[in-house]
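# An overview of the molecular structure
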Amino acid sequence: MPNGIQVKNIGNTLEILMTWFRPSAWSNLVFTLIWNVLMVIICAAAIGTKSFILTVGFIFLFAAGVNMTYLTAALFLNTTHIVVESSGALSAYCEPLPWGGYPAPIPVSTIDQLYCEKNARHGKHGKEHIYYRVKVVINQGDRQRQETLVKGLDELQRALFIEQQIEHFLGIPDRPVPGEIERDAVIFYGAPPASPPGFITGASLQSPVHASVPPAMPVGIVTNVQSAAVFAPGQPASGMDPKPTAAVFG
């Protein structure tokens, strides 16, 4: 299971809890403290000199400081809750500090598929930052629409884990969706998708860190399998380790 994630499965309800805290939050905290100290110094100078320019500068620093302080507090305190009711709805929210960007509850009877999408943001000096989001494909009459369930995830493992846990809980077979993460980057948590007889699928690695796993590969072209299983036609995967699973293929 990825770091910072907990799963509660109680009866007909699945709840996934994901903490916002990441090591990078400490750098946010240091920068925010420096910014707020600078704001206090400019405020004192503006009051002493009654300078219009300093006053405008203080207002700008104050607004930015409030925003950064709120963001930093959220990074340390917030937890995202994803709740799935087998006969109800899929919903997401965070607490204790309010944050926007979550969809309205989605009836599970309308969910066709979930998938992960990669997004790139370019920062200063052209540095690229990669983030992931989990999206939901929803049936709406004779057409489909998509909603973003969670976004801004900095680890692919987190996004894949959320997608696969919800699909497994609702009994939704996984299948490719245009725009999703490349299939050769998939890490399987729990039972992998069904495969034809005579094929190996991701099976029972204890701690998946990286896996290049197509949905199914012929046994003859597997080059590196640390722990795997071959399933005979019509036989269940008995004795499988319930922990997160993956396999590495060359």
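A brief report on the enclosed structure follows. (Residues numbered from 1 in each chain as written. Predicted model: local features only at pLDDT ≥ 70, side-chain atom pairs only at ≥ 80, totals over all residues. Heavy atoms only, no water.)

### Points about the nonpolar core
Across soluble globular proteins, nonpolar side chains show a tendency to be buried alongside one another. For the record, the criterion: Only buried Ala, Val, Leu, Ile, Met, Phe, Trp, Tyr and Cys residues count toward a nonpolar core, and they belong to the same one when joined by side-chain atoms within 4.5 Å. We call a residue buried when its accessible area falls under 20% of the maximum for its residue type, exposed when it is over 50%, and partly exposed in between, using a 1.4 Å probe and counting protein chains only. Residues are treated as being in contact if the distance between any of their heavy atoms lies within 4.5 Å.
The biggest cluster of nonpolar side chains holds 29 residues, and the ones touching the most others in it are I82, L90, V134, L149, I162 and I166. When neighbours within four sequence positions are excluded, L149 is seen to be in contact with I82, L90, A92, Y102, P103, V134, K135, V136, I162 and I166. Listed in part, the six residues of the second largest apolar core include A25, L75, C94 and L97.

### Notes on the sheet that holds strand β8 (residues 143-153)
Condition: A pair of strands is labelled paired if DSSP reports no fewer than 2 bridges between them. By definition, any uninterrupted DSSP run of H or I lasting at least four residues is a helix, any uninterrupted run of E lasting at least two residues is a strand, and each is numbered from the N terminus. To get an axis, fit a line to the C-alpha atoms, keeping to the stretch in contact for a helix; angles then go from 0 to 180 degrees between the N-to-C directions.
Read from one edge of the open sheet, three strands run β6-β7-β8, paired in antiparallel fashion. At either margin of the open sheet sits one strand with a lone partner, and together these are β6 (111-122) and β8. Put simply, the sheet's adjacent strands are angled 25 degrees from each other on average, direction ignored. As judged from the eleven bridges shared by β6 and strand β7 (residues 128-140), these two strands associate in the antiparallel manner. Each residue of the ladder has a partner; that of K118, found in β7, is Y132.

### Here's the deal with a nonpolar patch on the surface
Here is the rule we go by: Only residues whose relative accessible area exceeds 30% and that take part in no salt bridge are eligible for patches, with like-charged residues grouped when within 9 Å of each other and nonpolar side chains (Val, Leu, Ile, Met, Phe, Trp, Tyr) grouped when within 5 Å. Exposure was quantified through the Shrake-Rupley algorithm and a 1.4 Å probe, taking into account, for residues, occlusion by the shown protein chains and nothing else. Criterion for a salt bridge: a side-chain nitrogen of Lys or Arg within 4 Å of a carboxyl oxygen of Asp or Glu.
A contiguous nonpolar surface patch, about 370 Å² in accessible area, is contributed by F52, I53 and V56. With respect to the helices, strands and loops of the structure, V56 is situated in helix α2 (residues 52-77). By relative accessible area, which is 42% here, V56 ends up partly exposed.

### A closer look at the side chain of D112
Under the convention used in this document: As used in this structure description, the phrase polar contact means that two N or O atoms lie within 3.5 Å; if the pair is within protein, one of them must be able to donate a hydrogen and the other to accept it, and residues adjacent in sequence are counted only when both atoms belong to side chains.
Note on placement: D112 falls in strand β6. Classification of D112 by relative accessible area gives buried; the value is 18%. A polar contact is formed between the side chain of D112 and the side chain of R175, at a distance of 2.4 Å. Residues contacting D112, with those up to four places away along its chain left out, are V137, N139, Q144, I172 and R175.

### Quick notes on the pairing of strand β3 (residues 79-85)
The element β3 is extensively covered by neighbouring structure, given that six of its seven residues are classed as buried. Here strand β2 (residues 13-19) runs beside β3; their pairing, made up of seven bridges, is antiparallel. Residue pairing in the sheet places E15 in a bridge with V83 of β3. Strand direction decides the pairing type here: β3 and strand β4 (residues 89-95), joined by six bridges, are antiparallel. Paired with V84 across the two strands is L90, which belongs to β4. Counting the residues in the hairpin turn of β3 and β4 gives three residues.

### Points about the packing of aromatic side chains
The line we're drawing: Paired rings are identified among Phe, Tyr and Trp, the last through its six-membered ring, by centres lying within 6.5 Å, and are further divided according to the angle between planes into stacked (under 30 degrees), edge-to-face (over 60) and tilted (the rest).
In total, this model carries seven aromatic pairs according to the counting rule given. Ring centres of F21 and F76 lie 5.3 Å apart, and the angle between their planes is 50 degrees; on these two criteria the pair is classed as tilted. Here F76 lies in helix α2 and F21 lies in the loop between β2 and α1 (25-49), a separation of 55 residues in the sequence. Aromatic pair Y70 and W99: ring centres 6.0 Å apart, planes at 20 degrees, arrangement stacked. Note that Y70 is positioned in helix α2 and W99 in the loop between β4 and β5 (106-107), a separation of 29 residues in sequence. Under the relative-accessibility criterion, Y70 is labelled partly exposed at 33%. One aromatic cluster in this structure is built from W20, Y70 and W99.

Read these as spatial facts, not as claims about activity.
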